[in-house]
Amino acid sequence: MDRGEQGLLRTDPVPEEGEDVAATISTTETLSEEEQEELRRELAKVEEEIQTLSQVLAAKEKHLAEIKRKLGINSLQELKQNLAKGWQDVTATSAYKKTSETLSQAGQKASAAFSSVGSVITKKLEDVKNSPTFKSFEEKVENLKSKVGGTKPAGGDFGEVLNSTANASATATEPLPEQTQETL
């Protein structure tokens, strides 16, 4: 084997998370037997403390669950509280406030635009009603009304003219009660 292959097959211990590689290699070579024994005792002590803390944490979580059960607090209520708090946090952000203000201004502008469009349409309809073409059409309808429906005082508006014309044509097509009795 050449030197490059030998480096790939080396079986040195892999350092755990947080350990310094250089410190691992150099400390095992430079530590005395007493120092290594002391570190092993400290390692065992820390592992025992971690196990104790895990047990205490589990007991505290169990006690917390019991208290919540007695108070009637369930997971759904906790979720609602968390969501409400999260929403409050979101609404407190400057980005939310700026977006809210922008949308409010946009809504106001849209409302003003719709209002102006409505007034423009109303004005256009008034212009059409006052136009000579519309007045000419209205006069023709009034003439037709006077021919079909008889003489009625002129001066009704366009809607009245149409209604009276429709009524006149409807009565002209209905059979008279006398005619229906004779044919039976």
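Every value quoted in this text rests on a predicted model; they were computed, and no experiment measured them.

What to know about the overall build of the chain
No. 1: In terms of regular secondary structure, the chain is built from 8 helices and 0 strands.
No. 2: When the helices and strands of the chain are listed from N to C terminus, the series reads α-α-α-α-α-α-α-α.
No. 3: The burial tally for the chain puts 5% of its 184 residues in the buried class.
No. 4: Counting every atom, the chain has about 16,600 Å² of accessible surface; 57% of that belongs to carbon and sulfur.

Quick look at the pattern of salt bridges
If charged atoms from side chains of opposite charge come close, those side chains can pair.
No. 1: The final tally for this structure, using the stated rule, is 4 salt bridges.
No. 2: A salt bridge links arginine 40 to glutamate 37, with the shortest nitrogen-to-oxygen separation between them at 3.9 Å. Of this pair, arginine 40 and glutamate 37 both sit in helix 3 (residues 33-71), separated by 3 residues, roughly a single helical turn.
No. 3: When the shortest N-O distance is used, the salt bridge between glutamate 66 and arginine 69 registers 2.4 Å. Note that glutamate 66 and arginine 69 are positioned in helix 3 at a spacing of 3 residues, about one turn of the helix.
No. 4: Judged by relative accessible area, which is 33%, glutamate 66 ranks as partly exposed.

Things to note about the confidence of the model for the chain
No. 1: With 66% of its residues at a pLDDT of 70 or more, the chain has an overall mean of 75.
No. 2: This model gives residues 179-184 a pLDDT under 50, and the stretch forms 1 contact once residues within four places in sequence are excluded.

Quick notes on a nonpolar patch on the surface
No. 1: Residues Ile67, Leu71 and Ile73 make up a contiguous nonpolar surface patch of roughly 260 Å² in combined accessible area.
No. 2: Checked against the element boundaries, leucine 71 lands in helix 3.

Definitions and cut-offs
Residues numbered from 1 in each chain as written. Predicted model: local features only at pLDDT ≥ 70, side-chain atom pairs only at ≥ 80, totals over all residues. Heavy atoms only, no water. Helix = DSSP H or I, 4+ residues; strand = E, 2+ residues; numbered from the N terminus. Buried < 20%, exposed > 50% of the residue type's maximum accessible area, 1.4 Å probe, protein only. Areas by Shrake-Rupley, 256 points an atom, 1.4 Å probe, with all protein chains shown as cover. Salt bridge = Lys/Arg side-chain N within 4 Å of Asp/Glu carboxyl O. pLDDT = per-residue confidence, 0-100. Contact = heavy atoms within 4.5 Å. Patch = residues over 30% accessible without salt bridge, like charges linked within 9 Å, V, L, I, M, F, W, Y side chains within 5 Å.

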